[in-house]
Amino acid sequence: MNQHIPAGEASAGAVVAEAERISKTFGSTVALNDVSIDVRAGECHALVGRNGAGKSTLVSVLTGLTRPDHGEVRLLGKPAPAMGDRAAWHERVACVYQHSKTVPMLTVAENLFLNRFDHQLISWRRVRAAAQQVMDEWGFDLDVSLLAEQLSVEQRQIVEIARALSIGSRFLILDEPTASLEARATERLFGHIRRLNGTGIGVLFISHHLDEIFQLCHRVTVLRDGRHIVTDAVTALDHTAIVNAMVGSAVVAVAQPGGVSRGDAPVRLRIEDLSVRSPAGSVEHVTLSVRAGECLGIVGLRGSGNAIVADVVAGLVRSDAGAVLIDEARPRPSELDSSRTRGVGYVPEDRHARGFIAPMGVDENLTLPILGSLSRLGFISLRKRESAARDLRARLSIVSSGGGQLVGELSGGNQQKVVVGRALASKPSVLVLVSPTVGVDVASKAVLLKLVDEARRDGMAVLLVSDDLEELRIATRLLVMVRGRIVREFPERPWNESDAIAAAEGLVA
């Protein structure tokens, strides 16, 4: 792998941002425990760690959105502004998040100077001229008269970076900026960052892709479980050292689940040369199959494309090329992608947005996919619905005041049980799950994973998309996706957790 190190050393200028011995708890959860970090002028400093390591909380502290319980933040050598003085914070630090904060219906120029007009009468000609001057000064090639909704992900990031620089920020935080970018756009972004470093801007670069750290950054800080593990020059560390710092040096082998699918079991799901371009990410030439009685796990970081594959199988996203076959049935070109969902049960990652209908009752939600079998002449048999829902409630151990209780009133764990129960209600050939236990308690997590494993043992084909190795312990086979492509397969258990994590981080032998 090419490990290009940025030309020249980081500027020996002043420290533009420093967090010293920061601690922060949320209830019983310790998000940060005595964490320190500094970013120097002209430096690109990487911040890495697994999900839950404390990166987001640290960024929130550094940008003045969260008050630490202990510790101090200094910007440009001075104590940070008061928490309520947002203008002062914006002058000192800016964060460009993975999901754009630009206003779609405003132009580039208007987004650049949003909430910064001192006079009631605005000269839009002068605004456009000032915006173009900012773009020219920092080397950004972008038409300032375009609406933000017309821009690519890359261009919206440029708008946010330019806005921060125009305010005067000398400290820039980039939170997973390449997650939705293609390779060429990533290289262009790196070029911009190197130019900014050359002018003395300090950059805190957050990424799950360790190859990017070696290409771009001068120093790296690793967090694990809310603690500072190491800060060192990138040239002083290798891939293995960083991965070990992120996950701990202990190697954990995951046990083999029972009742693994036979090699001659029928193929329930087949994906052939699938390619997708979507705002949420891309998929390139993915081919895979899942047999009856098999649970295929697809692990990947956010933006890797694994969730896009799940959405295509569920009929929620159209493919640009390739085919998805359920029970070897090839859909006609004229058919909508959603036509195949009759054989697919789907559990989305965001249960609140896509998993259930909050104002409807438990029984109504559970039986939505099987209303046809519960109806006659267009009328639903309440007796049949109650019977079907009662069986599902018992099977999933759903705790509620009854089948009529609104799902929006249930706990998170019981809401997720409703989502999984609905997906299983029609006894589909293929069950697709995306991070099915995110945000649920330990007991509910165990129930849900046991239920999915039982469905697999009963002959269902399961496609499990997740970056949680605890969820993936029920998988019988594992694929790793990076930047829209399958880069590694673990064909059987036991597999090495560190190897799986390293592959997902983009470290492929």
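Let me sum up the structure you'll find in this document. Not measured: the values here are computed from a predicted model.

**What about the overall build of the protein?**
At step 1: Across its full length, the protein holds 15 helices and 21 strands.
At step 2: Residue burial in the protein is summarised as follows: out of 509 residues, 52% are buried.
At step 3: Within the protein, counting contacts between residues at least 6 apart in sequence, those at least 24 apart form 69% of the total.

**Observations concerning the side chain of Arg 456**
At step 1: Mapped onto the elements, Arg 456 comes out in helix 14 (residues 442-457).
At step 2: Residue classification places Arg 456 among the buried positions, given a relative accessible area of 1%.
At step 3: In this structure the side chain of Arg 456 is engaged in a polar contact, spanning 3.1 Å, whose partner is the backbone oxygen of Gly 293.

**Here we look at the packing of aromatic side chains**
At step 1: In total, this model carries one aromatic pair according to the counting rule given.
At step 2: When the ring of Phe 190 is compared with that of Phe 205, the centres are 6.1 Å apart and the planes differ by 75 degrees; the resulting orientation is edge-to-face. Taken together, the residues Phe 190 in helix 6 (residues 183-198) and Phe 205 in strand 8 (residues 202-206) connect sequence positions 15 residues apart.
At step 3: Between the NZ or CZ atom of Lys 24 and the centre of the ring of Phe 26, over which it lies, the distance is 5.4 Å.
At step 4: Between Lys 101 and the ring centre of Tyr 97, over which it is positioned, the NZ or CZ distance is 5.5 Å.

**Examining the side chain of Glu 284**
At step 1: Within the secondary structure, Glu 284 sits in strand 12 (residues 281-291).
At step 2: On the basis of relative accessible area, Glu 284 is assigned to the buried category, the value being 15%.
At step 3: One polar contact links Glu 284 to Arg 277, side chain to side chain, over a distance of 2.2 Å.
At step 4: What Glu 284 contacts, discounting residues up to four positions off in sequence, is Leu 274, Ser 275, Arg 277, Gly 484 and Arg 485.

**Brief notes about the packing of helix 12 (residues 382-396) against helix 13 (residues 412-425)**
At step 1: Where helix 12 meets helix 13, the axes come as close as 10 Å, and the angle between the chain directions of the two elements is 125 degrees. As the angle between them shows, helix 12 and helix 13 are arranged oblique. As helix 12 runs across helix 13, the sense of the crossing is right-handed. Where helix 12 approaches helix 13, its residues Leu 392, Arg 395 and Leu 396 are matched on the opposing element by Lys 417, Val 420, Gly 421, Leu 424 and Ala 425.
At step 2: Tallied by class, residues from the contact of helix 12 with helix 13 come to five nonpolar, one polar and two charged.

**Side note on the pairing of strand 1 (residues 15-26)**
At step 1: Relative to strand 2 (residues 29-40), strand 1 runs antiparallel, the two sharing eight bridges. Opposite Glu 18, over in strand 2, you have Asp 38 as the bridge partner.
At step 2: Between the antiparallel neighbours strand 1 and strand 2 lie two residues, among them Gly 27 with a positive phi of about 65 degrees.
At step 3: Two strands pair when backbone bridges link them, and strand 1 and strand 4 (residues 70-75) are joined in this way by five bridges, in the antiparallel orientation. Bridge pairing in strand 4 places Glu 20 opposite Glu 72.

**Regarding the layout of surface pockets**
At step 1: Here the second largest pocket is characterised by a volume of approximately 680 Å³.
At step 2: As for the second largest pocket, its lining consists of 23 residues, and the residues nearest its centre are His 90, Ala 94, Cys 95, Arg 163 and Ile 167.
At step 3: Sorting the residues of the lining of the second largest pocket by element identifies helix 2 (86-92), strand 6 (94-96) and helix 5 (153-167) as the ones contributing at least two each.
At step 4: A class-by-class count of the residues in the lining of the second largest pocket yields 11 nonpolar, six polar and six charged.

**Examining the environment of Pro 494**
At step 1: Structurally, Pro 494 is set in the loop between strand 21 (485-490) and helix 15 (497-504).
At step 2: On a C-alpha basis, the gap between Pro 494 and Arg 473 in space is 9.7 Å, while along the polypeptide they are 21 residues apart.

**Looking at the pairing of strand 20 (residues 477-482)**
At step 1: Burial analysis of strand 20 places six of its six residues in the buried class, the great majority of the element.
At step 2: Neither face of strand 20 is exposed, since Arg 477, Leu 479 and Met 481 on one face and Leu 478, Val 480 and Val 482 on the opposite face are all buried.
At step 3: With four bridges connecting them, strand 13 (residues 295-299) and strand 20 associate as parallel partners. Within strand 20, the residue paired with Gly 297 across the bridge is Leu 478.
At step 4: As defined by bridge partners, strand 20 adjoins strand 21 across five bridges and the pair is classed as antiparallel. Bridged to Leu 479 within strand 21 is Glu 489.

**Let's talk about the pattern of salt bridges**
At step 1: What the rule picks out here adds up to 21 salt bridges.
At step 2: Notably, a salt bridge pairs Arg 277 with Glu 284, separated by 2.2 Å at the nearest N-O pair.
At step 3: On the basis of relative accessible area, Arg 277 is assigned to the partly exposed category, the value being 46%.
At step 4: The partner of Arg 390 in a salt bridge is Glu 386, and the shortest N-O contact between them spans 3.7 Å.

**Digging into the sheet that holds strand 14 (residues 321-326)**
At step 1: In space, the three strands of this open sheet follow the order 12-11-14, with antiparallel pairing throughout. The two strands at the open ends of the sheet, each matched to only one other strand, are strand 12 and strand 14. Within the sheet, the average angular offset between the axes of one strand and its neighbour, ignoring direction, is 15 degrees.
At step 2: Relative to strand 14, strand 11 (residues 267-278) is paired through five bridges, and the arrangement is antiparallel. Across the sheet, residue Ile 271 finds its bridge partner in strand 14, namely Val 324.
At step 3: Where helix 9 (residues 306-313) meets the sheet, it contacts strand 11, strand 12 and strand 14, and its direction lies at approximately 115 degrees from that of strand 11.

**Topic: the environment of Val 59**
At step 1: Structurally, Val 59 can be placed in helix 1 (residues 55-62).
At step 2: Sequence separation between Val 59 and Leu 204 is 145 residues, and the spatial gap between their C-alpha atoms is 9.3 Å.
At step 3: Apart from the residues within four sequence positions on either side, Val 59 is in contact with Cys 95, Ile 173 and Ile 206.

The rules behind each value
Residues numbered from 1 in each chain as written. Predicted model: local features only at pLDDT ≥ 70, side-chain atom pairs only at ≥ 80, totals over all residues. Heavy atoms only, no water. Helix = DSSP H or I, 4+ residues; strand = E, 2+ residues; numbered from the N terminus. Buried < 20%, exposed > 50% of the residue type's maximum accessible area, 1.4 Å probe, protein only. Contact = heavy atoms within 4.5 Å. Polar contact = N/O pair within 3.5 Å; in protein donor to acceptor, adjacent residues only side chain to side chain. Phe/Tyr/Trp six-rings, centres within 6.5 Å; stacked < 30°, edge-to-face > 60°. Lys NZ or Arg CZ within 6 Å of the ring centre and 35° of its normal. Axes fitted to C-alpha atoms, helices over the stretch in contact; angles between N-to-C directions. Parallel < 35°, antiparallel > 145°, perpendicular 65-115°, else oblique. Left-handed = near helix turned anticlockwise from the far one by under 90°. Nonpolar A, V, L, I, M, F, W, Y, C, P; charged D, E, K, R; others polar. Pairing = 2+ DSSP bridges. 1 Å grid on protein atoms, 1.4 Å probe; cavity = no way out; pocket = protein on both sides within 12 Å on 5 of 7 lines; lining within 4 Å. Points joined across faces, edges and corners; volume = space filled by probe spheres on them. Salt bridge = Lys/Arg side-chain N within 4 Å of Asp/Glu carboxyl O.

The analysis is restricted to geometry; functional conclusions fall outside its scope.
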